[in-house]
Number of protein chains: 2
Amino acid sequence: MTSHTELDQHTFEHNHNQCVSLALDTAQQLCNERGVQLTTIRFQVLSLIWESHKAVKAYELLDRLRPLQAAAKPATIYRALDFLIEQGLIHRVESLNAFVGCRSSGQQHEQLLLICKLCEQVDERAATDVMTALLEELQQAGFMAHSKAIEIHGICANCSSK
Amino acid sequence: MTSHTELDQHTFEHNHNQCVSLALDTAQQLCNERGVQLTTIRFQVLSLIWESHKAVKAYELLDRLRPLQAAAKPATIYRALDFLIEQGLIHRVESLNAFVGCRSSGQQHEQLLLICKLCEQVDERAATDVMTALLEELQQAGFMAHSKAIEIHGICANCSSK
DNA sequence: AACTAATTGTTATATTATTACATCAGAACT
DNA sequence: AGTTCTGATGTAATAATATAACAATTAGTT
């Protein structure tokens, strides 16, 4: 018996277990290399986020963390999220006040986020051409960028083909 | 005696009064054309937003509206903001949960927002090349975009030259 | 063992936003 | 003029998101 969430993940016909393993292993390895601690709580929060490719709300994470960490409070979640964001392991989706796993933690973290209004899944794209044009634009404007958020809302390819 | 806010506006050496007049006149005209009502409250909120080129928080607007509208409550502000956003007269800055006037209300509304961490001013850029590359990327991804938020945080040209 | 820095526990509170229902004002109609 | 409809606003309550401050604990270092 497969949960709805699992089904959602399979619509893109990827092996989600493998997808998660890769993300968690990579996260662990990056933290080791960087000498920062992927503690139990942080790992659990990251795992919860990776349960789907949808953006998750902080308080929803809190509810789902509580069975594992009875003492969990808002600060518990927000601290874990802060850490994961700092380490580039997750994206904060600004336009949703929500969070989603980052598939390219090791490499460049600044990406296009494509947010589907139907299935709610968030896709990341490196979008090299867009980024190049963006850098050029920023250069022209004399603007020194520290962070970039590019979030597109709409209907994903999978959903529009249905 | 000039207020700090006014000084900020002059750092880009533009006539802010003229800048505001243009925005408000255009807003009024667009609303007329569209047969929607730019009511007193909505106009006041729009004016407050245009007092600077910084992104303003909803509750700050509320405080500043109250002298003009004693009965103003959160819903008052959020309704006005919803209207102004719908009409493309302001931008919601997702990464700040704040609002800023839109200088190109009549034309395309989806733009690059450059948000300075020092002076806090928000600059809009049509960034045609970026948008073209973005459309191409979305096309490739088969993603039907409904809305786009591109927000860059950093240091603006004016501030870095100081 | 003692010290230090990082992490977590805990409480309280701040900030941002929405919902629901009542009231009001103006336009359109009879 | 009265009636009805619609859109806008008044009002109260509450939901949802996020942070601050300080205490306690844990992990690494000396």
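Residues numbered from 1 in each chain as written. Chains lettered and ligands numbered in written order. Predicted model: local features only at pLDDT ≥ 70, side-chain atom pairs only at ≥ 80, totals over all residues. Heavy atoms only, no water.

1. Let's talk about the protein's contact with DNA strand D
- Surrounding DNA strand D, one finds 16 residues, the nearest of these being Lys57(A), Tyr59(A), Arg92(A), Thr39(B) and Arg79(B).
- Among the atoms of DNA strand D lying within 4 Å of the protein, the sugar-phosphate backbone contributes 46%.
- The contact in question runs from a phosphate oxygen of DNA strand D to an N or O atom on the side chain of Arg42(B), over 3.1 Å.
- In the surface near DNA strand D, the residues fall into seven nonpolar, three polar and six charged. (Near = heavy atom within 4 Å. Polar contact = N/O pair within 3.5 Å; in protein donor to acceptor, adjacent residues only side chain to side chain. Nonpolar A, V, L, I, M, F, W, Y, C, P; charged D, E, K, R; others polar.)

2. Examining the protein's contact with DNA strand C
- Inspection of the region around DNA strand C gives 16 residues, with Thr39(A), Arg79(A), Lys57(B), Tyr59(B) and Arg92(B) positioned closest.
- Within 4 Å of the protein, atoms of DNA strand C come from sugar and phosphate in 45% of cases.
- Lys57(B) places a polar side-chain atom, nitrogen or oxygen, 2.8 Å from a phosphate oxygen of DNA strand C.
- Residue assignment for the surface near DNA strand C shows that the elements contributing at least two residues are α3 (40-49) and α5 (74-86) of chain A together with α5 (74-86) of chain B.
- Examining the composition of the surface near DNA strand C, we find that four residues originate from one element, α5(B), more than from any other.
- The residue makeup of the surface near DNA strand C, split by class, is seven nonpolar, three polar and six charged. (Helix = DSSP H or I, 4+ residues; strand = E, 2+ residues; numbered from the N terminus.)

3. Considering the interface of chain A and chain B
- Each side of the interface is counted separately: chain A has 35 residues, and chain B has 34 residues.
- Summed over both sides, the interface between chain A and chain B buries roughly 2900 Å², with carbon and sulfur atoms accounting for 63% of that surface.
- Of all residues in chain A, Glu137(A), Phe143(A) and Ile152(A) give up the largest surface area on contact with chain B, accounting jointly for 20% of the area buried on that side.
- Taken together, the links from chain A to chain B amount to two salt bridges.
- Linking chain A to chain B there are 14 residue pairs in polar contact (both at pLDDT 80 or more).
- Mapped by element, the contributors of at least two residues to the side of chain A that touches chain B are β3 (112-116), α6 (128-141), β5 (144-155) and α7 (157-160) of chain A.
- In terms of residues, the side of chain A that touches chain B owes the most to one element, β5(A), which gives twelve residues.
- Across the side of chain A that touches chain B, the residue classes break down as 19 nonpolar, nine polar and seven charged.
- As defined by bridge partners, β5(A) adjoins strand β5 (residues 144-155) of chain B across eleven bridges and the pair is classed as antiparallel. From the neighbouring strand, His153(A) faces β5(B), where its bridge partner is Ser147(B). (Contact = heavy atoms within 4.5 Å. Buried area = accessible area lost by both parts, 1.4 Å probe. Salt bridge = Lys/Arg side-chain N within 4 Å of Asp/Glu carboxyl O. Pairing = 2+ DSSP bridges.)

4. Let's talk about the pairing of strand β2 (residues 98-101) of chain A
Residues and elements named next belong to chain A.
- Residues of β2 alternate between two faces, with Ala-98 and Val-100 on one and Phe-99 and Gly-101 on the opposite face, all of them buried.
- Pairing analysis gives four bridges linking strand β1 (residues 90-93) to β2, with the strands arranged antiparallel. Following the sheet pairing, His-91 is matched in β2 by Val-100.
- Counted between consecutive antiparallel strands, the loop separating β1 from β2 contains four residues, among which Asn-97 sits at a positive phi close to 45 degrees. (Buried < 20%, exposed > 50% of the residue type's maximum accessible area, 1.4 Å probe, protein only.)

5. Observations regarding the side chain of Thr76(B)
Residues and elements named next belong to chain B.
- Take Thr-76: it is sitting in helix α5.
- Thr-76 sits in the buried class, given a relative accessible area of 17%.
- Only 2.8 Å separates the side chain of Thr-76 from the backbone nitrogen of Lys-73, close enough to count as a polar contact.

6. Comments concerning the packing of helix α4 (residues 58-65) of chain B against α5(B)
Residue and element names in this part refer to chain B.
- α5 packs onto α4 with a crossing angle of 110 degrees between their chain directions and a minimal axis gap of 9 Å. For the element pair α4 / α5, the angle class is roughly perpendicular. The crossing of α4 and α5 is right-handed. The segment α4 lies against α5, with Ala-58, Tyr-59, Leu-61, Leu-62 and Leu-65 engaging Pro-74, Thr-76, Ile-77, Tyr-78 and Leu-81.
- Here the residues of the contact of α4 with α5 sort into nine nonpolar, one polar and no charged. (Axes fitted to C-alpha atoms, helices over the stretch in contact; angles between N-to-C directions. Parallel < 35°, antiparallel > 145°, perpendicular 65-115°, else oblique. Left-handed = near helix turned anticlockwise from the far one by under 90°.)

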